[in-house]
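Coordinate analysis (summary)
Here is what each chain is made of, one letter per residue.
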Amino acid sequence: MSLSLYKQMMKVNFKLIFSFGVGSAIYVALMTTLFPMIEDNMQQIDEMLVIFPEALMRALGFESLSTYSQYIAAEYYGLFYLFILGVFTIVISIHLIARLVDQGSMAYLLSTRVSRAQITVTQIAVLISGLLIIHILTFASGYIFAELTIDYENSFAFLDFFQINLVGFLLFFAIGGYSLLISTLFNDEKNAFSLAGGITFAFYGIDMIGKIVVDIDWIRNFSLFSLYEPGKIASGDANLWLSSIIFILIGIIGYLLSIFIFKKRNLLL
Amino acid sequence: MIIIKNLTHVFSTGKGIFDVSFKVEKGEVFGFLGPNGSGKTTTLRHLMGYMKPQSGQTLINNLDVWENQSKVRHNIGYLPGEISFLDGLTGESFLNMMAGMQGASSKARREELIELFQLDIKTPIRKMSKGTKQKVGIITTFMHDPDIYLLDEPTSGLDPLMQKVFIDLVLEEKARGKTFLISSHSLPEIERTCDRIAIIKEGKIVTIKDIHELHSLQRKTFNVTFAKKEDVNALLESELSVWKIDDFIIQIDIQGNYDKFLTILSKYHIKNISMDDMSLEHTFMDYYKREEVSP
């Protein structure tokens, strides 16, 4: 790892990381401040939810809205969060390797004693730092606004909310793993972006279809997203350890392969 | 110091480099000349360890470049042919990053070079002109005081004044015993600095020549204006290769035989001499033809 490169890379990607981080934090803050209103009318909302088609409820990850964690899991982590973080992870992964190779600036980075492996490790560190910053901002925002607006003892469960964020972070740690791997494979930024985006979107689609069409529920096993069910984490029904270990493994394999492949391949710089 | 042995790398398009071999000695400035797309950059990419040879080998300081990439690069100043820095950095932050990655401890050399090239380091890189970006590249390449320089089209985008500054810098470093490999598509650009020159065409080395030898092989065309018509006719009879342009002007092709040219011309009253600028392509074509004919 090269500290000089890390510092400048964080600087170069600062806007990207912070715009996604702040966007995510604001959304969570907004939704959190709306919760007391929902809570006051909980009975009516629960009655209304009964008439929703079950498939739709499953697709949106609605378990129940009785606690803050369940509410925020359904309103944010089950849908928008996945989109926002998905886009961020893919964009930054492609920017960190494929774009530099495509534009030729990698030639400068590789003109010094810093080895290819060190450069890849540095870029991985930037990616993980970016994910961490976004999750810290999001978590802090949810926590602070919950403290301010919610009758804390009643509904805000710190641990549930923390777990939703932590497992979410690990999900994107894994997605970052294969996206960065794809990033090291291509000379053309656009091709890398299409493949990483395509795979992620396919995972999401498979998960969605499996949730809506109960008969083919099994196809969800082929999607990473089936291992992240914020609604179930909130209600305590999720297998956190299994999900976390699989995400960590996929991520680590992706990052190790990235280092290995980038070390071995011909670069047209 | 730099050894390239039978280096071959063929791309799927059929282009590439074929059986390229040459050596650059310590303290030598070696020119690598060829038209665009002839394989200069591909050869340099192998010397930097960006590409693995399909066959053959590249050695720098007796180390295989592909196997010892970062160790070899330690001592190299490389100026890529394509100017592309990171988006969103100023000249200064880019230089800081590169200095950090190079492990350079002293800022003195960098300051000297910034002064020399009159670079405004506070400007964001994306707002810089091509020539200014090239200056950033050159400073990056020279600031860590390496022993070997690999420069890909170093003067592209520089104005004539800065080209001179650059040439003086190369000569200064050469005097300090540094080794250079400079690629270019233009002979005048590098002839002042180079000791030897390799000419590459379509991925193959056509010739490697001492610069003086190359000069003597280079054909030059002079346009000479005479005061009298008779003199023109007299010269047409001489042993120089001469064409008549009009009643007073003739064109003379010279290739190394400058003495004879001057001896003959000194007998006449001459009103003007001008030299045609011959493009490199022209010089090349001429040179290639001769190579093919000679046994």
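This next bit is on the side chain of Glu189(A). All names here are of chain A. Secondary-structure assignment places Glu189 in helix H12 (residues 189-212). Among the polar contacts listed, one links the side chain of Glu189 to the side chain of Arg99, at a separation of 3.1 Å. Each residue touching Glu189, except ones within four places of it in the same chain, is listed here: Ile94, His95, Ala98, Arg99 and Asp102.

This paragraph deals with the environment of Val24(B). Residue and element names in this part refer to chain B. Checked against the element boundaries, Val24 lands in strand S2 (residues 16-24). As for Val24 and Lys229, which are separated by 205 residues in sequence, their C-alpha atoms are 52 Å apart. Val24 has contacts with Met1, Ile2, Phe30, Thr179, Phe180, Leu181 and Arg196, leaving out every residue within four places of it along the chain.

Moving on, we come to the nonpolar core. Residues Met106(A), Tyr228(A), Leu150(B) and Leu181(B) are the most contacted members of the largest nonpolar core, which totals 147 residues. In terms of residue count, the dominant contributor to this core is helix H11 (residues 158-185) of chain A (13 residues). If you look at the next biggest cluster of nonpolar residues, it comprises 13 residues, including Phe222(B), Leu240(B), Val242(B) and Ile250(B).

This next bit is on the environment of Thr8(B). All names here are of chain B. Along the chain, Thr8 turns up in strand S1 (residues 2-10). Along the backbone, Thr8 and Ile208 are 200 residues apart, and their C-alpha atoms lie at a distance of 18 Å. With residues up to four places along the chain from it excluded, the contact list for Thr8 reads Ile17, Phe18, Asp19, Pro53, Gln54 and Ser55.

This part takes up the domain arrangement of chain B. If you check the domain split of chain B, you get domain 1 (2-215) and domain 2 (220-277). Distance from the C-alpha centre of domain 1 of chain B to the C-alpha centre of domain 2 of chain B: 41 Å.

Counted at 1.5 Å a residue, the expected span for helix H2 (residues 14-40) of chain A with its 27 residues is 39 Å, and the 40 Å between its end C-alpha atoms agrees. The largest bend along H2(A) reaches roughly 30° and is located at Leu34(A), with the proline Pro36(A) sitting one to four residues downstream.

Moving on, we come to the packing of helix H6 (residues 80-96) of chain A against helix H9 (residues 116-149) of chain A. Residue and element names in this part refer to chain A. Axis separation between H6 and H9 bottoms out at 10 Å; the angle between their running directions is 160°. In this view, H6 runs roughly antiparallel relative to H9, as classed from their interaxial angle. As for the relative orientation of H6 and H9, their crossing is right-handed in sense. Between H6 and H9, the contacting residues are Tyr81, Leu85, Phe88, Thr89, Ile92, Ser93 and Leu96 on the first element and Gln123, Val126, Leu127, Gly130, Leu131, Ile134 and His135 on the second. Considering only residue class, the contact of H6 with H9 consists of 9 nonpolar, 5 polar and no charged.

Counted by the stated rule, this structure contains 36 aromatic pairs over all chains. Between Lys204(B) and the ring centre of Phe18(B), over which it is positioned, the NZ or CZ distance is 5.3 Å.

For the rest of this paragraph, the subject is the sheet that holds strand S13 (residues 249-254) of chain B. All names here are of chain B. With antiparallel pairing, the 4 strands of this open sheet are ordered in space as S12-S13-S11-S14. The two strands at the open ends of the sheet, each matched to only one other strand, are strand S12 (241-244) and strand S14 (270-275). When the angles between neighbouring strand axes are averaged without regard to direction, this sheet yields 25°. With 5 bridges joining them, strand S11 (residues 220-226) and S14 adopt antiparallel strand pairing. The partner of Thr225 across the bridge, within S14, is Asn272. Sheet strands touched by helix H9 (residues 229-236): S11, S12 and S13. Its angle to S12, the strand with the most contacts, is close to 140°.

Each value, and the rule that gives it
Residues numbered from 1 in each chain as written. Chains lettered and ligands numbered in written order. Predicted model: local features only at pLDDT ≥ 70, side-chain atom pairs only at ≥ 80, totals over all residues. Heavy atoms only, no water. Helix = DSSP H or I, 4+ residues; strand = E, 2+ residues; numbered from the N terminus. Polar contact = N/O pair within 3.5 Å; in protein donor to acceptor, adjacent residues only side chain to side chain. Contact = heavy atoms within 4.5 Å. Core = buried A, V, L, I, M, F, W, Y, C linked by side-chain atoms within 4.5 Å. Buried < 20%, exposed > 50% of the residue type's maximum accessible area, 1.4 Å probe, protein only. Domains from an automatic or database assignment. Expected span 1.5 Å × (residues − 1). Bend = angle between axes of the 7 residues up to and from the residue. Axes fitted to C-alpha atoms, helices over the stretch in contact; angles between N-to-C directions. Parallel < 35°, antiparallel > 145°, perpendicular 65-115°, else oblique. Left-handed = near helix turned anticlockwise from the far one by under 90°. Nonpolar A, V, L, I, M, F, W, Y, C, P; charged D, E, K, R; others polar. Phe/Tyr/Trp six-rings, centres within 6.5 Å; stacked < 30°, edge-to-face > 60°. Lys NZ or Arg CZ within 6 Å of the ring centre and 35° of its normal. Pairing = 2+ DSSP bridges.

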